[in-house]
Amino acid sequence: MPRLTARFWVDAYLTRLRLADIPAFVVAHGDDTAGSVVVKLNTMDGSAQLYQRSYDMLQDSHQWALLFSDAEVAVDAAVARQRGTDPDLWVIEVEDRKGRHLLDEPGLI
């Protein structure tokens, strides 16, 4: 099965969020072809969550895993550490008071 480029996936994700009226933007533009993507969900109350796509060997499938949930400044520090070791990393920030990120919808896994 062919893999989508990171840029294609990010563009599709941002479009889907826009259609749902959920503000989101690219914080860090990673490698267009093979960069990894993390999604920061900012709930606008001082806290945030960080998600990354991972592979579940037991179920032989990909899923979005919660990496970190804390105060927004702590999540930002975790993102900065990751960017320090992976300059190809994409960082997408989603701002939604209701906590919607759409990562659990079909086609985004």
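All values derive from a computational prediction rather than experimental measurement.

Student: A description of the overall build of the chain should follow, citing residues and the corresponding values.
Tutor: Broken down by element type, the chain carries two helices and five strands. Put simply, the chain runs from its N terminus to its C terminus through helices and strands in the order α-β-β-β-β-α-β. Relative to a compact globule of 109 residues, whose C-alpha radius of gyration would be 13 Å, the chain shows 13 Å and is just as compact. By principal-axis analysis of the C-alpha atoms, the chain measures approximately 40 × 35 × 30 Å. Taking all 109 residues of the chain together, the buried fraction comes to 33%.

Student: Account for the packing of aromatic side chains, with residues named and values stated.
Tutor: Per the stated rule, a full pass over the model turns up two aromatic pairs. Considering the side-chain rings of Trp9 and Tyr13, the 4.9 Å spacing of their centres and the 25 degrees angle between planes classify their relative orientation as stacked. Remark: Tyr13 and Trp9 occur in helix 1 (residues 6-19); sequence separation between them is four residues, near one turn of the helix. According to the relative accessible area criterion, Trp9 is buried, its value standing at 12%. Taken together, the aromatic side chains of Trp9, Tyr13 and Trp64 make up a single cluster linked through ring pairs.

Student: I'd like to hear about the pattern of salt bridges, residue by residue, with values.
Tutor: The final tally for this structure, using the stated rule, is seven salt bridges. With a closest N to O distance of 3.3 Å, Arg7 and Asp11 form a salt bridge. You can see Arg7 and its partner Asp11 sitting in helix 1, four residues apart, about one turn around the helix. For Arg7, a relative accessible area of 34% puts it in the partly exposed group. Of the residues examined, Asp11 reaches a relative accessible area of 35% and is grouped as partly exposed. The partner of Lys40 in a salt bridge is Glu72, and the shortest N-O contact between them spans 2.8 Å.

Student: Account for the sheet that holds strand 3 (residues 47-56), naming residues and giving values.
Tutor: Strand order in the open sheet formed by five strands is 1-5-2-3-4, and the pairing between neighbours is mixed. What marks the edges here is a single partner per strand, and that holds for strand 1 (24-28) and strand 4 (61-71). Strand-to-strand twist across the sheet, computed as the mean angle between neighbouring axes with direction ignored, equals 25 degrees. Direction of pairing for strand 2 (residues 37-42) relative to strand 3: antiparallel, over a ladder of five bridges. For Asn42, the partnering residue across the bridge sits in strand 3 and is Ala48. On top of the sheet, helix 1 reaches strand 1, strand 2, strand 4 and strand 5 (90-95); it is set at about 5 degrees to strand 5, its chief contact.

Student: Explain the nonpolar core to me, and be specific about the residues and the numbers.
Tutor: Formed by 17 residues in total, the largest nonpolar core has its most connected members in Tyr13, Val37, Val39, Ile92 and Val94. At six residues, helix 1 tops the list of elements feeding residues into this core. Excluding anything up to four places from it in sequence, Val94 contacts Tyr13, Leu17, Ile22, Pro23, Ala24, Val39, Lys40, Leu41, Asn42 and Arg100. If you look at the next biggest cluster of nonpolar residues, it comprises eight residues, including Val38, Leu50, Val79 and Leu89.

Conventions we followed
- Residues numbered from 1 in each chain as written.
- Predicted model: local features only at pLDDT ≥ 70, side-chain atom pairs only at ≥ 80, totals over all residues.
- Heavy atoms only, no water.
- Helix = DSSP H or I, 4+ residues; strand = E, 2+ residues; numbered from the N terminus.
- Rg over C-alpha atoms; globule rule 2.2 N^0.38 Å.
- Buried < 20%, exposed > 50% of the residue type's maximum accessible area, 1.4 Å probe, protein only.
- Phe/Tyr/Trp six-rings, centres within 6.5 Å; stacked < 30°, edge-to-face > 60°.
- Salt bridge = Lys/Arg side-chain N within 4 Å of Asp/Glu carboxyl O.
- Pairing = 2+ DSSP bridges.
- Axes fitted to C-alpha atoms, helices over the stretch in contact; angles between N-to-C directions.
- Contact = heavy atoms within 4.5 Å.
- Core = buried A, V, L, I, M, F, W, Y, C linked by side-chain atoms within 4.5 Å.

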